[in-house]
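Okay, here's what each chain looks like letter by letter:
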Amino acid sequence: MPTSASTPSASDRFIGIMSGTSMDGADGVLVDFSGARPAVLAAAHQPFPAELREAFAALQQPGADEIHREALAANGLARVYAGCVASLLRDSGLAAAAIAAVGAHGQTIRHRPGLYDGTGYTRQSQQPALLAELCGIDVVADFRSRDVAAGGQGAPLVPALHQALFGAAGETRVACNIGGISNISVLPAAAGGQGGQAPVSGFDCGPGNVLLDYWIERHHGQAFDAGGAWGASGSIDHALLARLLAEPYFSVAPPKSTGRDLFHPAWLESRLAAHGAALAPADVQATLAALTAETIARDVRAHAPGAARLIVCGGGARNGFVMALLARALPGVAVQSSDDFGVPVSQVEGIAFAWLARQMLLRAPGNVPTVTGAAGPRVLGALYPR
């Protein structure tokens with residue numbers, strides 16, 4: 001894992017909190033970086049209240065009085081994050097003073113890198129000043145903006161950690177996070193950019209759980225398809241799948257990133273309307289699972305043709321149907337969960353934002369320019385002292 005010879009003055013214990021495009025809640029980890037590998041001392045999940053989830057869902061698209069609504073949602077998110085921090089401290093038996101900083105990702109409500117004026121923007125809504133006030137710990141936030149300012153995509157930011165956790169000297173691997181959006185990190189054998197070895201690369205593939213979650217909530221009132229059981233009960237409609245795969249984003253060369261700005265309910269509904277044929281809801285769910293799996297598999301085949309294994313983390317790793325479709329689409333590639341490598345699927349991104357907070361305190365780069373397309377390595381994040 002990229003690091004520095006210096007050490008944060010408070011400790012080597014950091015908290016990382018991630019709330020992703022699924023908008024189901026905040027996942028937090030308390031991590032000790034003093035050893036050769038990060039050690040998770042505690043983990044917690046803090047669900048979003050229904051009204052907060054609805055507020056962030058509404059903010060994904062332009063609307064009236066956005067500044068006011070976003071500010072109140074950001075305050076609500078800070079309180080959820082503070083509850084997550086309190087759980088981590090309680091479960092670990094540590095005091096706030098024992099933590100160097102909290103790395104808080106925030107909730108993405110817009111992601112438009114490079115657009116409009118040549119720079120674009122990315123917005124992760126949160127109130128880090130309130131979070132610092134509530135938990136009494138330094139907070140590092142706004143990790144993506146500096147990379148965007150340097151001409152990058154601002155995402156994904158996890159490949160450096162993927163390499164540290166899952167890279168191997170003897171084989172090329174691909175780490176894949178399936179959250180609301182899916183992304184991959186290509187981890188060449190003995191990566192590092194020296195001695196002719198290829199550097200780590202990565203990008204967003206397309207929708208992960210975001211459309212699957214929308215569809216099952218619409219038809220069954222459930223937040224997600226547990227184990228992929230509903231999707232597995234349906235049949236893939238290959239004509240609809242081809243229509244979904246015609247989305248231009250999938251053929252754009254990396255670096256690239258995406259989010260709910262593109263893959264939202266209206267995107268799906270417009271394609272269902274154009275498809276015309278009436279489909280059973282379970283068949284649509286099966287087809288959406290196939291979309292998630294096929295976009296990932298296509299990118300693995302195109303960008304990591306010699307990969308020996310695909311290591312999956314995020315909530316999608318618990319969708320047995322998606323995992324089975326991935327294995328079917330990638331013969332010869334071992335499709336495994338990050339659990340198999342000692343890192344629970346729900347903890348990987350939290351560890352990454354704890355590490356990014358540490359990098360910021362060290363004034364060390366947090367981005368990987370070969371991933372994001374930024375002009376060079378940059379220190380990411382802004383500090384809100386306790």
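Anyway, here's the lowdown on the structure attached to this text. Please read these numbers as outputs of a predicted model, since none were measured by experiment.

## Notes on the sheet that holds strand β12 (residues 334-337)
Inference 1: Here 5 strands make up an open sheet; going across it, the order is β10-β9-β8-β11-β12 and the pairing mixed. Lying at the two open borders of the sheet, with one neighbouring strand each, are β10 (201-207) and β12. Mean inter-strand twist for the sheet, computed between neighbouring axes without regard to direction, equals 20°.
Inference 2: Sheet topology note: the strand β8 (residues 173-178)/strand β9 (residues 181-187) ladder contains 6 bridges and is antiparallel. Residue pairing in the sheet places Cys 176 in a bridge with Ile 184 of β9.
Inference 3: Helix α11 (residues 320-329) contacts β8, β11 (309-313) and β12 of the sheet and is inclined by roughly 155° relative to β12.

## Brief notes about the packing of helix α8 (residues 238-245) against helix α9 (residues 265-275)
Packed helices, taken two at a time, are described by their axes: the angle between them and the distance between them.
Inference 1: α9 packs onto α8 with a crossing angle of 130° between their chain directions and a minimal axis gap of 10 Å. Relative to α9, the element α8 lies oblique. Read as a crossing pair, α8 and α9 show a hand that is right-handed. Only Trp 267, Leu 268, Arg 271, Leu 272, Ala 274 and His 275 of α9 make contact with α8, whose side of the interface consists of Ala 239, Leu 240, Arg 243 and Leu 244.

## Section: the nonpolar core
Inference 1: In this structure, Ile 296, Leu 310 and Leu 326 are the most contacted members of the largest nonpolar core, which totals 49 residues.
Inference 2: Per-element accounting of this core gives the leading share, 11 residues, to helix α10 (residues 281-303).
Inference 3: If you look at the next biggest cluster of nonpolar residues, it comprises 33 residues, including Leu 157, Cys 313, Val 348 and Ala 357.

## Some thoughts on the layout of surface pockets
Empty space left among the atoms is revealed by rolling a probe the size of a water molecule over them.
Inference 1: Roughly 940 Å³ of volume is contained in the largest pocket.
Inference 2: In terms of lining, the largest pocket is formed by 49 residues, of which the most central are Ser 22, Gly 179, Gly 180, Asn 209 and Gly 315.
Inference 3: Listing elements by their share of the lining of the largest pocket, those giving two or more residues are β2 (25-32), β5 (107-113), β9, α6 (210-220) and α12 (348-361).
Inference 4: Classifying every residue of the lining of the largest pocket gives 12 nonpolar, 28 polar and 9 charged.

## Some details on the environment of Gly 120
Inference 1: Here Gly 120 is to be found in strand β6 (residues 120-125).
Inference 2: Once the C-alpha coordinates of Gly 120 and Ala 302 are considered, the two residues, 182 residues apart in sequence, prove to be 28 Å apart.
Inference 3: Setting aside residues no more than four positions away along its own chain, Gly 120 makes contact with Arg 112, Pro 113, Gly 114, Leu 115 and Val 148.

About the cut-offs
- Residues numbered from 1 in each chain as written.
- Predicted model: local features only at pLDDT ≥ 70, side-chain atom pairs only at ≥ 80, totals over all residues.
- Heavy atoms only, no water.
- Pairing = 2+ DSSP bridges.
- Helix = DSSP H or I, 4+ residues; strand = E, 2+ residues; numbered from the N terminus.
- Axes fitted to C-alpha atoms, helices over the stretch in contact; angles between N-to-C directions.
- Contact = heavy atoms within 4.5 Å.
- Parallel < 35°, antiparallel > 145°, perpendicular 65-115°, else oblique.
- Left-handed = near helix turned anticlockwise from the far one by under 90°.
- Core = buried A, V, L, I, M, F, W, Y, C linked by side-chain atoms within 4.5 Å.
- Buried < 20%, exposed > 50% of the residue type's maximum accessible area, 1.4 Å probe, protein only.
- 1 Å grid on protein atoms, 1.4 Å probe; cavity = no way out; pocket = protein on both sides within 12 Å on 5 of 7 lines; lining within 4 Å.
- Points joined across faces, edges and corners; volume = space filled by probe spheres on them.
- Nonpolar A, V, L, I, M, F, W, Y, C, P; charged D, E, K, R; others polar.

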